[in-house]
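# Structure at a glance
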Amino acid sequence: MAKVAIKSEKLTPFGGIFSIMEQFDSKLSSVIDSTLGLRCKLYGYQYSEIIRSLMSVYFCGGSCIEDVTTHLMYHLSLHPTLRTCSADTILRAIKELTQDNISYTSDTGKTYDFNTADKLNTLLLNCLLSTGQLKKGEGYDVDFDHQFIETEKYDAKPTYKKFLGYRPGVAVIGNMIVGIENRRTKQEQRQSLLWLCLARRRKPKGQQRRQH
C-alpha cells in the first residue's frame, strides 16, 4: 500500500522554531499571564504571546526587536494556532512593564537610582519553578554581584571603570539568573529588596544559605 504524506506548499527556513514555541506555550504561558496579569480581555495580545514573540527573535538569529516585523512575521504566522505580534506591540508591552526608579541619597550626599523590577523578578522565579530548574523547599547558594554594561544611552551614568553604562546587581544560583536589580551603594546591598524577594522562596532562616 502506498503511503501518502500531505505537506503544506508554504515553506519556511524557520520551521524548527515551531516546536520551541509550542513547548513555551504549554509550560510558561499560563505562568506568565498569571504573574503579570491579563493584558486584554477581548482583543489584543497577552504578555505570554508578546514574550514568546520576543523570544523567537533571538532564537531565529535576529539582532533587534524590529526583525520580528521585517523578517520573521511571515514565517512565524504560518503556525496554525500561535500568534506572533509586531515589534511595536513588543516595545509597548516592555514600556508597560517598566517600574519607576527609587532614588537613594547616601550620607555623603550622593544620589543613586535603583530599580527592583519586582514583578519581572517574581516572573523569573516562577518560570524557574515551573520548569523544574528550582524546587520549592530546597536550599540554594545564591551569589550576588554587580555586572558592568558599557553603553552610551541617554540614561547611562559614569562608572568607576571609566565608561558610561549600567551597573545592575545580578543574583545567580549556579548558572541560572534568579534576580536582577539596578545598582545600589555597597553599604545598601545587604538590605537589597531583591534579597527580600528571594527570602520568600527559601527555607526558614536557620536553613538559608547565601553568598555575597
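Residues numbered from 1 in each chain as written. Predicted model: local features only at pLDDT ≥ 70, side-chain atom pairs only at ≥ 80, totals over all residues. Heavy atoms only, no water.

## So, the overall build of the protein chain
- Within the protein chain, the regular secondary structure consists of six helices and eight strands.
- Taken across its 212 residues, the protein chain has 36% of its residues classed as buried.
- For the protein chain, contacts bridging at least 24 residues in sequence account for 53% of all contacts bridging at least 6.
- For the protein chain, the exposed surface amounts to about 14,000 Å²; the carbon and sulfur share of it is 53%. (Helix = DSSP H or I, 4+ residues; strand = E, 2+ residues; numbered from the N terminus. Buried < 20%, exposed > 50% of the residue type's maximum accessible area, 1.4 Å probe, protein only. Contact = heavy atoms within 4.5 Å. Areas by Shrake-Rupley, 256 points an atom, 1.4 Å probe, with all protein chains shown as cover.)

## Thoughts on the sheet that holds strand E4 (residues 149-150)
- Taken together, three strands build an open sheet; the order of strands is E4-E6-E5 and the sheet is antiparallel. On the outer flanks of this sheet lie E4 and strand E5 (157-158), each paired with one strand and no other.
- One ladder, built from two bridges, connects E4 with strand E6 (residues 164-166); its direction is antiparallel. Bridge assignment links Ile149 to a residue of E6, and that residue is Tyr166. (Pairing = 2+ DSSP bridges.)

## Topic: the side chain of Asp67
- With respect to the element layout, Asp67 can be found in helix H3 (residues 67-76).
- Notably, Asp67 is buried but unbridged: the nearest opposite-charge side chain belongs to Lys153, and the N-O separation is 15 Å. (Lys, Arg positive; Asp, Glu negative; His and termini not counted. Salt bridge = Lys/Arg side-chain N within 4 Å of Asp/Glu carboxyl O.)

## What about the sheet that holds strand E3 (residues 143-146)?
- The strand order across the open sheet built from three strands is E3-E7-E8, with neighbouring strands paired in antiparallel fashion. Only two strands of the sheet have a single neighbouring strand rather than two, namely E3 and strand E8 (176-181). Between one strand and the next, the sheet's axes are offset by a mean angle of 25 degrees, whatever the strand orientation.
- Taken together, the four bridges between E3 and strand E7 (residues 169-173) define a ladder with antiparallel strand orientation. Looking at E7, one finds that Asp145 is bridged to Val170. (Axes fitted to C-alpha atoms, helices over the stretch in contact; angles between N-to-C directions.)

## Some words on the nonpolar core
- Of all hydrophobic cores here, the largest spans 24 residues; its most connected members are Ile17, Met21, Ile32, Val68, Leu76, Ile90 and Cys127.
- For this core, the elements supplying multiple residues, two or more each, are helix H1 (17-36), helix H2 (47-59), H3, helix H4 (87-96) and helix H5 (118-130).
- Once residues within four sequence positions are removed from consideration, Ile32 is found in contact with Phe24, Gly37, Tyr47, Ser48, Ile51, Leu123 and Cys127.
- Residues Leu128, Phe144, Ile173 and Val178 belong to the second largest nonpolar core, which totals ten residues. (Core = buried A, V, L, I, M, F, W, Y, C linked by side-chain atoms within 4.5 Å.)

## Notes on the packing of aromatic side chains
- By the definition in use, this model includes zero aromatic pairs.
- The ring of Phe148 has Lys161 lying over it, and the distance from NZ or CZ to the ring centre is 5.1 Å. (Phe/Tyr/Trp six-rings, centres within 6.5 Å; stacked < 30°, edge-to-face > 60°. Lys NZ or Arg CZ within 6 Å of the ring centre and 35° of its normal.)

## What to know about the environment of Cys85
- Of note, Cys85 is situated in the loop between H3 and H4.
- Considered as a pair, Cys85 and Gln46 are 39 residues apart in the sequence and their alpha carbons are 9.8 Å apart.
- With residues near it in sequence (within four places) discarded, Cys85 still touches Tyr45, Glu49, Ile50, Ser53, Val68, Met73 and Ile90.

## Describing the confidence of the model for the protein chain
- In the predicted model, the protein chain carries a mean pLDDT of 81, and 82% of its residues have values of at least 70.
- In this model, residues 201-212 is a region of pLDDT below 50 whose contacts with residues beyond four sequence positions or in other chains number 26 contacts. (pLDDT = per-residue confidence, 0-100.)

## As for the pattern of salt bridges
- The final tally for this structure, using the stated rule, is three salt bridges.
- One salt bridge connects Asp25 with Arg52, and the closest N-O pair in it is separated by 3.7 Å. Placement of the pair is Asp25 in helix H1 and Arg52 in helix H2, with a sequence separation of 27 residues.
- Overall, the relative accessible area of 32% leaves Asp25 in the partly exposed class.

## A short note on the packing of H2 against H3
- Interhelical geometry of H2 versus H3 gives an angle of 100 degrees and a closest axis separation of 11 Å. Relative to H3, the element H2 is oriented roughly perpendicular. Facing Ser53, Ser56 and Val57 of H2, the residues of H3 in contact are Asp67, Val68, Leu72 and Leu76.
- Here the contact of H2 with H3 is built from residues that sort into four nonpolar, two polar and one charged. (Parallel < 35°, antiparallel > 145°, perpendicular 65-115°, else oblique. Nonpolar A, V, L, I, M, F, W, Y, C, P; charged D, E, K, R; others polar.)

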